[in-house]
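# Per-entry structural report
The primary structure of each chain is shown beneath.
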Amino acid sequence: MLRRLASAVVAMLAVAFLCVPPASALALPTPKDLTAYLDLECFKTSPYQPPAATLTLRHLNPVLGNLPTETVVLGQREQLCVPVAKNNQQPPSTVLNFIRFIDLACYRISGTTVNTGLVLSHLNPLFQGLPRTQVSMNTPQQLCVPVIKNNVTPPAEVLSLVRHIDLKCYGITPNTPLNQQLSLRQLNPVLTPIIPTHGAVVLNARQLCVPVQKAGDVIPDDVLKIVRWIDLEKFDISAPALPSVSLTLRHINPVLAGLPPEPAVLSGASQLALPVAKNGNFPPG
């Protein structure tokens, strides 16, 4: 009888073990948690023209759902935007492992002027006390798409999210200055040993980057519920000269994954992208 009891206990433990998710599994963050700490420092890159790529883009954020689908041609790469932390702020552990792998390469595009009026509210806790700003979102200027650096691939759970982050960046007016002095610290493991923590003065607003979906990219529902809330307002910054960094970039979005790896030399920090909400529609969570 004791032997049968021991066998039953072993069987129950085995079932319990199989039902426990692996310790390395990362749960997707809420839209609110991810967007609140998503700050990207944008570096100028050496010029690079990718092979011809024509992309059809559809807006994802509910505030802009009335804007039409638009077809664009991927032009010259201008920037690489990489994740940073501001001052002594550290993103919570629930989002840090996702944010640290959000690297976006930004390419020149052109398109239709939309002249859409919006009210923007800062989401990062450091800036939530700042007043809302009224802007006009005008002409598309860039498409920022997800890449990895030097073949450092994020964990599968992270990749399942970050590979679907595509942002269409529009020029905005007025170019209101933020006039904030910050300390910026790199979060991505490729750049943390190379680019030191440094100061930056945040100057004039230049662009609003809003989430879009490329035709052919099938976004899982749980991921779509997050990426549709990623809105970043880009500001010019004044920052000290930083070490030159040579990288190899590889596209991870399914639609562009067939493009060849790209050489990129970072030549200086030029902008900071900060998370915002539009017209009082805040990310849920």
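In what follows, the accompanying structure is described.

How each quantity is defined
- Residues numbered from 1 in each chain as written.
- Predicted model: local features only at pLDDT ≥ 70, side-chain atom pairs only at ≥ 80, totals over all residues.
- Heavy atoms only, no water.
- Helix = DSSP H or I, 4+ residues; strand = E, 2+ residues; numbered from the N terminus.
- Rg over C-alpha atoms; globule rule 2.2 N^0.38 Å.
- Buried < 20%, exposed > 50% of the residue type's maximum accessible area, 1.4 Å probe, protein only.
- Contact = heavy atoms within 4.5 Å.
- Areas by Shrake-Rupley, 256 points an atom, 1.4 Å probe, with all protein chains shown as cover.
- Lys, Arg positive; Asp, Glu negative; His and termini not counted.
- Charge placed at Lys NZ, Arg CZ, Asp CG, Glu CD.
- Disulfide = S-S within 2.5 Å.
- Phe/Tyr/Trp six-rings, centres within 6.5 Å; stacked < 30°, edge-to-face > 60°.
- Lys NZ or Arg CZ within 6 Å of the ring centre and 35° of its normal.
- Salt bridge = Lys/Arg side-chain N within 4 Å of Asp/Glu carboxyl O.
- Polar contact = N/O pair within 3.5 Å; in protein donor to acceptor, adjacent residues only side chain to side chain.
- Pairing = 2+ DSSP bridges.

As a further point, take the overall build of the protein chain. When you go through the protein chain residue by residue, the secondary structure sums to five helices and 13 strands. Relative to the 2.2 N^0.38 estimate, which gives 19 Å for 285 residues, the radius of gyration of the protein chain is 21 Å and therefore close to what a compact globule would have. Taking the principal axes of the C-alpha coordinates as reference, the protein chain spans close to 80 × 45 × 40 Å. A total of 285 residues make up the protein chain; the buried ones form 49% of that total. Counting contacts in the protein chain only where the partners sit at least 6 residues apart, residues at least 24 apart contribute 83% of the total. Summed over all atoms, the accessible surface of the protein chain reaches about 12500 Å², with 57% contributed by carbon and sulfur. Here the protein chain carries 21 positive and 15 negative side-chain charges, and the mean point of each set is 5 Å from the other.

Now for the state of the cysteines. A disulfide bridge is the covalent bond that connects two cysteines by way of their sulfur atoms. All told, the structure shown has three disulfides when counted by the stated rule. Each sulfur of the disulfide joining Cys 42 and Cys 81 lies 2.1 Å from the other. Judged by the sign of its S-S torsion, about 105°, the bond between Cys 42 and Cys 81 is right-handed. With Cys 42 in strand S1 (residues 39–48) and Cys 81 in strand S4 (residues 77–86), this residue pair connects regions lying 39 residues apart in the sequence.

Across all of its chains, the model carries zero aromatic pairs by this definition. Looking at Lys 86, its charged tip hangs above the ring of Phe 127, at a distance of 5.1 Å from the centre.

With respect to the helices and strands, the residue Asp 217 is situated in the loop between strand S10 (198–214) and helix H5 (221–227). This buried residue, Asp 217, is left without a salt bridge; Lys 214 holds the nearest opposite charge, at 5.2 Å. Here Asn 253 takes part through its side chain, which lies 3.0 Å from a polar atom of the side chain of Asp 217. Apart from residues lying up to four places away in sequence, Asp 217 is in contact with His 164, Asp 166, Asn 253, Pro 254 and Val 255.

Looking now at the environment of Ala 85. Looking at the secondary structure, you find Ala 85 in strand S4. Beyond its immediate chain neighbours, meaning those up to four positions away, Ala 85 contacts Pro 91, Ser 183, Leu 184, Arg 185 and Leu 187.

Bringing unusual backbone geometry into the picture now. In most cases, non-glycine residues show a negative phi, while peptide bonds are predominantly trans. Cis geometry is adopted by the peptide bond preceding Pro 174, which originates at Thr 173 and carries an omega value of -5°. For Asn 87, which is not a glycine, the phi torsion comes out positive at approximately 50°. Residue placement: Asn 87 occurs in the loop between S4 and helix H3 (93–99). Its relative accessible area of 32% is what places Asn 87 among the partly exposed residues. Positive phi values are uncommon outside glycine, yet Asn 150 reaches one of about 50°.

In this section: the pairing of S10. Within S10, twelve of the 17 residues are buried, which leaves it mostly tucked inside the rest of the structure. Of the pairings in the sheet, the one linking strand S2 (residues 54–59) to S10 comprises three bridges and is antiparallel in character. The partner of His 59 across the bridge, within S10, is Val 212. Pairing between strand S8 (residues 166–173) and S10: six bridges, direction antiparallel. Paired with Cys 169 across the strands is Cys 209, a residue of S10. In the sheet, S10 pairs with strand S11 (residues 232–238) via six bridges, with the strands oriented antiparallel. Within the sheet, the bridge partner assigned to Gln 207 lies in S11 and is Lys 234.

Okay, the pattern of salt bridges next. Evaluated as defined, the whole model comprises eight salt bridges. Between Arg 77 and Glu 262 there is a salt bridge; the shortest N-O distance is 2.9 Å. Here Arg 77 is found in strand S4, whereas its partner Glu 262 is found in strand S13 (residues 262–278), with 185 residues between them in sequence. Glu 262 shares its class with Arg 77; the two are buried. Ionic pairing is found between Asp 166 and Lys 214, a salt bridge with its closest N-O pair at 2.8 Å. Of the two residues, Asp 166 sits in strand S8 while Lys 214 sits in strand S10, which places them 48 residues apart along the sequence. The class of Asp 166 is buried, set by a relative accessible area of 2%.

On to the side chain of Lys 149. Relative to the helices and strands, Lys 149 is located in strand S7 (residues 133–149). Here the side chain of Lys 149 touches Asp 103 through a polar contact of 2.8 Å, side chain to side chain. Apart from residues no more than four positions distant in its own chain, Lys 149 is found in contact with Leu 80, Val 82, Asp 103, Asn 188, Val 190, Leu 191, Leu 247, Thr 248 and Leu 249.

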